[in-house]
Amino acid sequence: DYLLAKSFPCTLEGYTRAYGTISQTWGGASVATMVPQEGARAFGYACKLNPEELEILNGYEGYPSWYRRDKVDLKHPDGTIVQGEVYITNTYEPYKDPCAEYLTACQKTEKAYYDLQTGIDHPYTSHEEVKITVKRAYDLEETFVYPRS
């Protein structure tokens, strides 16, 4: 709740989520990254972090070894563009189905986007709906160009 109070829903144009890196934290399964894709849009939320909070998040995300932070333009619901950063994987690994705990974390992120967007407490999407998004991203991943560090 503390972070959501400092957050706003946003759209990242020209990117989509892909599940192209493995995380031991999440049981050796695939976890999300953002990849450029013409015409795509990714929905989520941005959080205004102070330097101490960003340092904590960097550790959790494995920055800079696992993920890097790229500057991006985020579209606020009122149409204004806000400069932000997004974590993008430094490595690509073959897809493995995400674990149930990770799918639950994805559900919470999706729910937060809709709750922040509308001000209404939305129900969680099902794991099956999240898996459809995961599968769609996986089916498209051969078209992605993954930057190498």
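One can find the structure itself at the top, above this paragraph.
Residues numbered from 1 in each chain as written. Predicted model: local features only at pLDDT ≥ 70, side-chain atom pairs only at ≥ 80, totals over all residues. Heavy atoms only, no water.

A. Up close: the overall build of the chain. Broken down by element type, the chain carries four helices and four strands. Counting all 149 residues of the chain, 38% fall into the buried class. Surface exposure of the chain reaches about 9100 Å², of which carbon and sulfur atoms provide 55%. (Helix = DSSP H or I, 4+ residues; strand = E, 2+ residues; numbered from the N terminus. Buried < 20%, exposed > 50% of the residue type's maximum accessible area, 1.4 Å probe, protein only. Areas by Shrake-Rupley, 256 points an atom, 1.4 Å probe, with all protein chains shown as cover.)

B. Fine view of the side chain of S23. Turning to its location among the elements, S23 is positioned in strand β1 (residues 7–23). Leave out the neighbours within four places in its chain, and S23 touches G28, A29 and V31. (Contact = heavy atoms within 4.5 Å.)

C. How the structure looks around the pattern of salt bridges. Applying the stated criterion to the full structure yields four salt bridges. The salt bridge partner of E53 is K6, with a shortest N-O separation of 2.6 Å. Here the residue E53 occupies a position in helix α2 (residues 51–61), and K6 occupies one in the loop between α1 (2–5) and β1, the gap between them amounting to 47 residues. A relative accessible area of 23% places K6 in the partly exposed class. (Salt bridge = Lys/Arg side-chain N within 4 Å of Asp/Glu carboxyl O.)

D. Here's a closer look at the pairing of strand β4 (residues 81–89). Bridge count for strand β3 (residues 67–75) against β4 is nine bridges, and the pairing is antiparallel. Within β4, the position partnered with D70 by the bridge is V86. (Pairing = 2+ DSSP bridges.)

E. The environment of V82, seen in detail. Within the secondary structure layout, V82 lies in strand β4. Overall, the relative accessible area of 28% leaves V82 in the partly exposed class. Taking the C-alpha atoms as reference, V82 lies 9.1 Å from C10; in sequence the two are 72 residues apart. Apart from the residues lying within four places of it in its own chain, the contact partners of V82 are F8, V72, D73, L74 and H76.

F. Inspection of the nonpolar core at higher detail. By size, the foremost hydrophobic cluster in this structure holds 11 residues: F8, C10, L12, Y15, M34, A42, A46, V72, L74, V86 and I88. Those elements that place two or more of their residues in this core are β1, β2 (29–47), β3 and β4. With four residues, the top contributor of residues to this core is β1. Leave out the neighbours within four places in its chain, and F8 touches G44, Y45, A46, K48, H76, V82 and L116. If you look at the next biggest cluster of nonpolar residues, it comprises 10 residues, including V31, A32, Y67 and Y87. (Core = buried A, V, L, I, M, F, W, Y, C linked by side-chain atoms within 4.5 Å.)

G. Main features of the pairing of β1. Across the 17 residues that make up β1, a large majority, 14, are buried. For β1 and β2, the ladder comprises 14 bridges, and the chain directions are antiparallel. Each residue of the ladder has a partner; that of T16, found in β2, is V35. A loop of five residues connects β1 with β2, the two strands running antiparallel in sequence, and G27 in this loop sits at a positive phi of about 75°.

H. How the structure looks around the environment of E93. Looking at the element boundaries, E93 is found in the loop between β4 and α3 (100–118). In this structure the C-alpha to C-alpha distance between E93 and I22, which are 71 residues apart in sequence, comes to 6.4 Å. In contact with E93, not counting residues within four places along its chain, are G20, T21, I22 and W66. Among the polar contacts made by the side chain of E93, one reaches the side chain of T21 at a distance of 3.3 Å. Of note is the side chain of E93, whose polar atom sits 3.1 Å from the backbone nitrogen of I22. (Polar contact = N/O pair within 3.5 Å; in protein donor to acceptor, adjacent residues only side chain to side chain.)

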